[in-house]
Amino acid sequence: MILIKKPLYKLGLVAMAISSSTIQASDIEKIVVTAQRGDTVISDIAATMWVIDQEQLQSTLNTGADLKNAIGRLVPSFDFGSEGRTNFAQNLRGRSALVMIDGVSLNSMREISRQLDSIDPFNIARIEVLSGATSIYGAGAAGGIINIITKKSTESELSVEAKISLASQFESGDDTNSSLALAISGGNDVLKGRLSAAYSQTEGAFDADGNMILPDITQTGLQYNTRVDLMGNFQVALNDSQQLSLSAQYYESEQDAKYGTYLGPNLAGIFGRPELIEVRKGLMLEDQPSTERTMFTLQYKNEDFLGHTLLTQLFDRSEALSFFPFPAIYRVTGSPLPGSSFPLFGSSKQETDVQGMQITLNKVFGDLSINYGVDWQDESFSADQNIFDTMSALKSGGLQFD
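How each quantity is defined
Residues numbered from 1 in each chain as written. Predicted model: local features only at pLDDT ≥ 70, side-chain atom pairs only at ≥ 80, totals over all residues. Heavy atoms only, no water. Patch = residues over 30% accessible without salt bridge, like charges linked within 9 Å, V, L, I, M, F, W, Y side chains within 5 Å. Areas by Shrake-Rupley, 256 points an atom, 1.4 Å probe, with all protein chains shown as cover. Salt bridge = Lys/Arg side-chain N within 4 Å of Asp/Glu carboxyl O. Helix = DSSP H or I, 4+ residues; strand = E, 2+ residues; numbered from the N terminus. Buried < 20%, exposed > 50% of the residue type's maximum accessible area, 1.4 Å probe, protein only. Phe/Tyr/Trp six-rings, centres within 6.5 Å; stacked < 30°, edge-to-face > 60°. Lys NZ or Arg CZ within 6 Å of the ring centre and 35° of its normal. Core = buried A, V, L, I, M, F, W, Y, C linked by side-chain atoms within 4.5 Å. Contact = heavy atoms within 4.5 Å.

Colleague: So what about a nonpolar patch on the surface? Which residues, and what values?
Modeller: A contiguous nonpolar surface patch, about 410 Å² in accessible area, is contributed by Leu158, Val160, Leu182 and Ile184. The residue Leu182 is located in strand E11 (residues 177–187) in this model.

Now the structure itself:
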């Protein structure tokens, strides 16, 4: 008997597996696209498949979790993550996962774990998780695939969706988190579309004693962070068997913090005096950690192409990822610091450009279904390092960077 796993939430924590003999009719007819790169009834997939719908996702996000931790709560085989910007060390079934938006990979050759810092949850219709190693979309899915499916217009009438939220722990007004989102969708039998804009701002994070949590200067955090997600998509019905769709997204998540991690005079906090490490106001850094991504996708579907179902996808993804200055410790003869050590402060930035094409053909011969096609992808990246004045950084305890 094939086991089909379906998430069931309770307080955002519980998930369970049910056998195919107990699946309700509504579940049998559920359609997913990830497992076979095309519309497939979930009961026909010989693999463990999890589908997180919009209601489940929003219910978990309302408990205070971000996107990566919401997936961790709802999919048992996916690890919990940090409260920061990165999904580093979040594995699916103990191995790395391929993260996609509408079938377009967010993974890169030079891996930086920010795939889940990629979209505002307001724009997510559902998340499909294919558990287990697969190469159906290429490399990077040793643990499985996480495919984020975006919202699209499903009605011909004009509709408006809005969201306003405000949260605070009442810590002197310095921990207020706010978000505002608006979407307009509609069309007719030939043309449908959706335009959306989502904005959120996060202030400081505090522990149970009212103390600000130490900012992450390694993978970087989300305190004092602003996020903008602009998205648009259009679907055109060329005829009864052919559809064309275009989607575009601009995403930016950038920190603008006034607080930083004070490492003590001359960084004494990391040289045997950890009690000196604390949160202090006065961070001076012009370019703070950020994630910026632009993505375009053009998709064509023909359900009657030489007796096949044809699905063609063209995409372009450009992103820029930047980090916080971090001290690399070297040994330098004559250094006044313990062990002849000498720190060099640098922050890296990587820019990646990816263009690709996916062509999938599906042919059904009675009970036999065959998928085949061609994938092409071209990727390039450049990385640079900003080096900061060492004496200024040392005197300020890692708060002032020139």
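Let's pick the thread back up.
Colleague: Describe the pattern of salt bridges, and please don't skip the residues or the numbers.
Modeller: For the structure on display, the rule yields 14 salt bridges. A salt bridge links Arg37 to Asp375; its shortest N-O distance comes to 2.8 Å. In this pair, Arg37 sits in the loop between strand E3 (31–32) and strand E4 (40–41) while Asp375 sits in strand E21 (residues 368–387), placing the two residues 338 residues apart along the sequence. Residue class for Asp375 comes out partly exposed when judged on its relative accessible area of 42%.

Colleague: Which residues make up the packing of aromatic side chains, and what values go with them?
Modeller: Within this structure, the stated rule accounts for four aromatic pairs. Between Phe324 and Phe401, the aromatic rings sit 5.8 Å apart at their centres with planes inclined by 85°, giving edge-to-face as the arrangement. Of this pair, Phe324 sits in the loop between strand E18 (308–322) and strand E19 (326–331) while Phe401 sits in the segment after helix H4 (390–395), and the two are 77 residues apart along the sequence. For the residue pair Phe324 and Phe401, the accessibility class agrees, reading buried in each case. Connected via pairs of aromatic rings, a cluster forms that spans Phe324, Phe345, Phe388 and Phe401. Above the face of the Phe323 ring, Arg114 is positioned so that its terminal group lies 4.3 Å from the ring centre. Across from the ring centre of Tyr262, 3.7 Å away, lies the NZ or CZ of Arg280, which sits over that ring.

Colleague: Requested: an account of the nonpolar core, with residues and values cited.
Modeller: Grouped together as the largest cluster of nonpolar side chains are 27 residues, with contacts concentrated most on Leu57, Leu67, Ile71, Val75, Ile127, Ile146 and Ile148. Of all the elements in the fold, those that place two or more residues in this core are strand E5 (48–53), helix H2 (54–61), helix H3 (67–74), strand E6 (97–101), strand E8 (124–131) and strand E9 (144–150). If you tally residues by element for this core, the top one is H3, at four residues. Every residue in contact with Ile146, bar those within four places of it in the chain, is listed here: Ile71, Phe78, Ala97, Leu98, Val99, Met100, Ile127, Glu128 and Val129. By size, the runner-up hydrophobic cluster in this structure holds 16 residues, among which are Tyr259, Leu267, Leu285 and Phe324.

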